[in-house]
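# Examining the three-dimensional arrangement
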There are 2 protein chains.
Amino acid sequence: MITIYGMRASGNCYKLQLLLDQLGRDYRWIDVDSAHGATRTPEFLGKNPNGKVPLLELEDGRRLAESDAILCYLAEGTRFWPSGAEPGDAWLRAQTLQWLFFEQYSHEPCIAVARFIRGWLPPEHPRQADVPALIERGKGVLAVMEQHLLEREWFVGERYGLADIALYAYTHCAGDGGFDLSPYPNIEAWLARIRAQPGHTPMQA
Amino acid sequence: MITIYGMRASGNCYKLQLLLDQLGRDYRWIDVDSAHGATRTPEFLGKNPNGKVPLLELEDGRRLAESDAILCYLAEGTRFWPSGAEPGDAWLRAQTLQWLFFEQYSHEPCIAVARFIRGWLPPEHPRQADVPALIERGKGVLAVMEQHLLEREWFVGERYGLADIALYAYTHCAGDGGFDLSPYPNIEAWLARIRAQPGHTPMQA
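A quick note: this is a predicted structure, and the numbers were derived from the prediction, not measured. Position numbers for residues start from 1 in each chain and track the written sequence from start to end. The lettering of chains begins at A and the numbering of ligands begins at 1, in the order of writing. Given that this is a predicted model, residues contribute local features only at a pLDDT of at least 70 and side-chain atom pairs are listed and counted only at 80 or more, while totals for whole chains, interfaces and linings are drawn from all residues. Side-chain metrics in this entry use all non-hydrogen atoms of the structure; hydrogen atoms and water are not considered.

## Section: the domain arrangement of chain A
Accessible area lost upon the coming together of the parts is a frequently used measure of interface size. Residue and element names in this part refer to chain A. Operational definition: Marked domain ranges trace back to an automatic or database domain assignment. Residue contacts are counted whenever heavy atoms from the two residues lie within 4.5 Å of one another. Summed over both partners, the accessible surface that disappears when two parts come together, traced with a 1.4 Å probe, is what is meant by buried area.
Domain boundaries assigned for chain A yield domain 1 (2-75) and domain 2 (87-195). Relative to domain 2, the C-alpha centre of domain 1 lies at a distance of 20 Å. Between domain 1 and domain 2, the contact holds 18 residues from the first and 16 residues from the second. Summed over both sides, the interface between domain 1 and domain 2 buries roughly 1300 Å², with carbon and sulfur atoms accounting for 65% of that surface.

## Digging into the sheet that holds strand β2 (residues 27-31) of chain B
All names here are of chain B. Note the cut-off: Here, strands pair whenever DSSP counts at least two bridges between them. Under the DSSP-based scheme used, a helix requires at least four consecutive residues in state H or I and a strand at least two consecutive residues in state E, with every element numbered from the N terminus. The axes used here are C-alpha line fits, helices contributing only the stretch in contact, and every angle between their N-to-C directions lies in the interval 0 to 180 degrees.
One open sheet holds the four strands; their spatial order is β2-β1-β3-β4, and the pairing between them is mixed. In the strand order of this sheet, the two ends are held by β2 and β4 (63-65), each with one partner. Neighbouring strand axes in the sheet, compared pairwise and without regard to direction, differ in orientation by 20° on average.

## Remarks on the packing of aromatic side chains
Test applied: Any two rings among Phe, Tyr and Trp, with Trp reduced to its six-membered ring, count as a pair given centres within 6.5 Å; such a pair is stacked if its planes are under 30 degrees apart, edge-to-face if over 60, and tilted if neither. In this scheme, a residue with accessible area under 20% of its type's maximum is buried, one over 50% is exposed, and one in between is partly exposed, where area comes from a 1.4 Å probe on protein chains only. Only when the NZ of Lys or the CZ of Arg is both within 6 Å of the ring centre and within 35 degrees of the ring normal is a charge said to sit over the ring.
Applying the stated rule across the entire model yields 21 aromatic pairs over all chains. Ring geometry for F80 of chain B and Y160 of chain B: centres 5.7 Å apart, planes at 80°, overall edge-to-face. With F80 of chain B in the loop between α3 (67-75) and α4 (87-120) and Y160 of chain B in the loop between α5 (131-148) and α6 (162-171), this pair connects stretches of sequence that are 80 residues apart. Judged on exposure class, the residue F80 of chain B and its partner Y160 of chain B are both buried. With 5.1 Å between their ring centres and 75° between their planes, F155 of chain B and W190 of chain B make a pair best called edge-to-face. With a gap of 35 residues between them, F155 of chain B in the loop between α5 and α6 and W190 of chain B in helix α7 (residues 185-195) connect regions that are remote in the sequence. Members of the aromatic cluster, joined through ring pairs, are W99, F102, F155 and W190 of chain A. The lysine or arginine in question, R8 of chain A, covers the ring of W29 of chain A, its NZ or CZ lying 4.1 Å from the ring centre. Stacked on the ring of W154 of chain A, the Lys or Arg R193 of chain A has its end atom at 5.6 Å from the ring centre.

## Details of the pairing of strand β1 (residues 2-6) of chain A
All names here are of chain A. Stated formally: The definition of a right-handed crossover adopted here requires that, viewed with the strands pointing away, the path from the first strand over the helix to the second runs clockwise.
Taking burial as the measure, the five residues of β1 include five buried ones, the bulk of the element. Along β1, one buried face is formed by I2, I4 and G6 and the opposite face, lined by T3 and Y5, is buried too. As paired strands, β1 and strand β2 (residues 27-31) are joined by five bridges and run parallel to one another. What sits directly across from I4, in β2, is W29. The β-α-β motif built from β1, the intervening helix α1 (residues 11-23) and the parallel element β2 has right-handed crossover chirality. As paired strands, β1 and strand β3 (residues 55-57) are joined by three bridges and run antiparallel to one another. Across the sheet, residue Y5 finds its bridge partner in β3, namely L55.

## Structural notes on unusual backbone geometry
Residues and elements named next belong to chain A. For the peptide bond that leads from V53 to P54, omega is 5°, which places it in the cis range. Relative to the helices and strands, P54 resides in the loop between α2 (42-47) and β3. In this structure, E66 takes a positive phi of about 75° despite not being glycine. Along the chain, the position of E66 falls in the loop between β4 (63-65) and α3 (67-75).

## Details of the side chain of D89 of chain A
Residues and elements named next belong to chain A. Our working rule: Positive charges come from Lys and Arg alone, negative charges from Asp and Glu alone, with His and the N- and C-terminal ends not counted. What makes a salt bridge here is a side-chain nitrogen of Lys or Arg within 4 Å of a carboxyl oxygen of Asp or Glu, nothing more.
The residue D89 is located in helix α4 (residues 87-120) in this model. Buried and without a salt bridge, D89 has R93 as its closest oppositely charged side chain, separated by 4.6 Å. Residues in contact with D89, not counting those within four places in the same chain, are P82, S83 and G84.

## Things to note about the interface of chain A and chain B
Rule in force here: Throughout this description, a polar contact denotes any pair of N or O atoms lying within 3.5 Å of each other; where both atoms belong to protein, one of them has to be capable of donating a hydrogen while the other can accept it, and for residues adjacent in sequence the pair is counted only when both atoms sit in side chains. Charged residues are taken to be Asp, Glu, Lys and Arg, nonpolar residues to be Ala, Val, Leu, Ile, Met, Phe, Trp, Tyr, Cys and Pro, and polar residues to be all remaining types, Gly included.
At the interface, 31 residues of chain A touch 31 residues of chain B. Surface buried jointly by chain A and chain B totals about 3000 Å² across both partners, of which 68% is contributed by carbon and sulfur atoms. Remark: the boundary between chain A and chain B carries two salt bridges. For E76 of chain A, the salt bridge identified is with R93 of chain B, shortest N-O distance 2.8 Å. Our count for the chain A to chain B interface comes out at eight residue pairs in polar contact (both at pLDDT 80 or more). Elements with a contribution of two residues or more to the side of chain A that touches chain B: β4, α3, α4 and α5 (131-148) of chain A. It is α4 of chain A that provides the largest number of residues to the side of chain A that touches chain B, a total of 15 residues. When the residues that make up the side of chain A that touches chain B are grouped by side-chain class, the tally is 17 nonpolar, six polar and eight charged.

Structural data, given as structure tokens:
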């Protein structure tokens, strides 16, 4: 059985829970509290030298880091990853990767980080002062998503897929970071469509 | 013929030049000066609503953003992307994606950003004060790479591939951001191996 090292309340870790639960796949989950230093111990750094969760460990001990790389690996051969050699599938894969990199480079560093600062750091921490600028940047990110969803149900192609899972993880809890989603009706409708998917499980706070 | 919208001195754009030149593939390059607002014009935002280069445009007008997603798409069916259905190839793809996400999430936001601040912002700009902290974070990133290269010639598998191209782009010019690479002999040897590859072309400053 595969093992996930992760923190349940981290969106990057929750992504894997969402995919695995919807695939109905068995997995072992080992809690690692990255908010309190558990990813910086010598033992954990021996597993992932970059000191981050989630981390996937296969039955034979091989390990894979980076949430969106793990999503792609676990989705191979499933309905969530178009794996054909034809040009249409190659383009769907390319668009999926585009949104996964958008998620990690543009979305997570403001929307997830605002949530972390507000939810995990003390009120007097100097990083609290960063939140207004993160919210301004995050509004631009949400505007890109809102525009993309104007005439689409899902981020890529005609069905729920990896890009939706990856972007759902920190968008659905953006309110924790101080974001108001009511100006983004297409995003709110898309979040509701995801919650209505068979096998959907909520994030455990 | 495909078109790349890009800024020659941007590592994210240079990655595509590196891959395409080594593939010997023809392409049209349209300069877009992202350091001076050219990615925020209404015309460019119509092409990429996230306002970033590089951007790939196919012959039929379809567009793809995010440098590492473009790398994967252009490498499909070439020696740079293991595309077989066997588990060995799936694992090579997974590891490649792991390093591409490491590059965008951990490496670029400190090593490329330090270079941008020092090279493109005026000496009195308040962001100059961020450079020392970026260099400290970047040293941790370089240490992860140095350790990984201790017993390996390339980042993934036994040959030069996409992970090497993506990481080369901003590592080879890390000195521009104030990094000293001499404490990282494995990285320096790896950079030299990449420069010795057939078809390698330098970044145009």
